[in-house]
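Report on the structure
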Amino acid sequence: MILDVMPFLGSMARMGTGIIAFFLAILVGTTTIAIAWFWYRPVLAAGILAAGVIAAAAVYYLGRSRKAAAPMAAPSAGAAT
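Computed from a predicted model, the values in this text were never measured in an experiment.

A short note on the overall build of the protein
- When its secondary structure is counted, the protein shows two helices and zero strands.
- Within the span of the protein, comprising 81 residues, buried residues form 7% of the whole.
- Carbon together with sulfur atoms contributes 77% to the accessible area of the protein, which is approximately 7,000 Å² in total.

As structure tokens, then:
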């Protein structure tokens, strides 16, 4: 709500929270579904759990690669080259 003072920042904040909620829903959802299926179809549950682990690893490595690729500050105008 604080960022809604400037509409562009408000929409960016909503987009960011939406993306985070989407990835958390995928991770928690696959785990919950796998636990629910484990008694009746353990192979299916293992596959769903594996898909959740792969999704979690992809999100983790994507986040780490974005932090590593952060742009460096440009040199100041008065710096000698």
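Now, onward.
Examining the packing of aromatic side chains
- The tally for this structure, following the rule as stated, stands at one aromatic pair.
- Residues Phe22 and Phe23 carry aromatic rings whose centres are separated by 5.5 Å and whose planes lie at 65° to one another, so their mutual orientation is edge-to-face.

Comments concerning the environment of Leu49
- Secondary-structure assignment places Leu49 in helix H2 (residues 42–68).
- Since its relative accessible area comes to 41%, Leu49 is described here as partly exposed.
- Each C-alpha atom of the pair Leu49 and Phe38 lies 9.8 Å from the other, and the pair is eleven residues apart in sequence.

Some words on the side chain of Thr30
- With respect to the element layout, Thr30 can be found in helix H1 (residues 7–37).
- A polar contact is formed between the side chain of Thr30 and the backbone oxygen of Ile26, at a distance of 3.0 Å.
- Look past the residues within four positions of Thr30 in its chain and what remains in contact with it is Ala25, Ile48 and Gly52.

Overview of a nonpolar patch on the surface
- Taken together, the side chains of Met12, Met15, Ile19, Phe22, Phe23 and Ile26 make up a nonpolar region of the molecular surface, amounting to roughly 540 Å² of accessible area.
- Residue placement: Ile19 occurs in helix H1.
- Ile19 gets classed as partly exposed once you look at its relative accessible area, which sits at 42%.

Thresholds, definitions, all that
Residues numbered from 1 in each chain as written. Predicted model: local features only at pLDDT ≥ 70, side-chain atom pairs only at ≥ 80, totals over all residues. Heavy atoms only, no water. Helix = DSSP H or I, 4+ residues; strand = E, 2+ residues; numbered from the N terminus. Buried < 20%, exposed > 50% of the residue type's maximum accessible area, 1.4 Å probe, protein only. Areas by Shrake-Rupley, 256 points an atom, 1.4 Å probe, with all protein chains shown as cover. Phe/Tyr/Trp six-rings, centres within 6.5 Å; stacked < 30°, edge-to-face > 60°. Polar contact = N/O pair within 3.5 Å; in protein donor to acceptor, adjacent residues only side chain to side chain. Contact = heavy atoms within 4.5 Å. Patch = residues over 30% accessible without salt bridge, like charges linked within 9 Å, V, L, I, M, F, W, Y side chains within 5 Å. Salt bridge = Lys/Arg side-chain N within 4 Å of Asp/Glu carboxyl O.

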